[in-house]
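# Fold and geometry: a report
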Amino acid sequence: MTKEPNQKIHGYCEKCKAPVFLNNSDDQFGNTVITLNCWNGHYAWINIEGIESDLPADNKTRVSASLVKRISFFKLP
């Protein structure tokens, strides 16, 4: 069951200046997930209720390789 998102703008993203929204949903395990993020995927914070708080936090930044190797343009006849 997905909860209705709050479509009120809560500011603008520091990285891309896109609107920031507060979202409230349930994950596949039934935990309530509350996020504050812009529509480009930059998160200000994520709160997952139902997760054990005594687990060690993984603070490593993960960067994936770019999926786009080349972009080119051409004219159609």
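Residues numbered from 1 in each chain as written. Predicted model: local features only at pLDDT ≥ 70, side-chain atom pairs only at ≥ 80, totals over all residues. Heavy atoms only, no water.

## A few points about the overall build of the protein
Each helix and strand in the protein was counted, giving zero helices and four strands. Element order for the protein, N to C, with α for helix and β for strand: β-β-β-β. Of the contacts formed within the protein by residues at least 6 apart in sequence, a portion of 9% connects residues at least 24 apart. (Helix = DSSP H or I, 4+ residues; strand = E, 2+ residues; numbered from the N terminus. Contact = heavy atoms within 4.5 Å.)

## Quick look at the environment of Asp27
Inspection of the secondary structure assignment puts Asp27 in the loop between β2 (19-26) and β3 (32-38). Take Asp27: its relative accessible area is 26%, and that puts it in the partly exposed class. As a C-alpha pair, Asp27 and Ile48 span 21 residues in sequence and 8.9 Å in three-dimensional space. Ignoring anything within four residues of it in the chain, the contact list for Asp27 reads Val33 and Ile48. Separated by 2.8 Å, the side chain of Asp27 and the backbone nitrogen of Asn31 make a polar contact. (Buried < 20%, exposed > 50% of the residue type's maximum accessible area, 1.4 Å probe, protein only. Polar contact = N/O pair within 3.5 Å; in protein donor to acceptor, adjacent residues only side chain to side chain.)

## Quick look at the confidence of the model for the protein
Summarising the model, the protein shows a mean pLDDT of 79, and 74% of its residues fall at 70 or more. Taken element by element, the predicted model of the protein shows its lowest mean pLDDT in strand β1 (residues 6-12) (80) and its highest in β3 (91). (pLDDT = per-residue confidence, 0-100.)

## Side note on the pairing of β3
The side chains of a regular strand alternate, residue by residue, between the two faces of the sheet. Counted residue by residue, β3 has seven buried out of seven residues, so it is predominantly covered. Judged by which residues are buried, β3 turns out to be covered on both faces: Thr32, Ile34, Leu36 and Cys38 on one side and Val33, Thr35 and Asn37 on the other are all buried. Summarising the sheet, β2 and β3 pair through seven bridges and their orientation is antiparallel. Bridge pairing links Leu22 to Leu36 in β3. (Pairing = 2+ DSSP bridges.)

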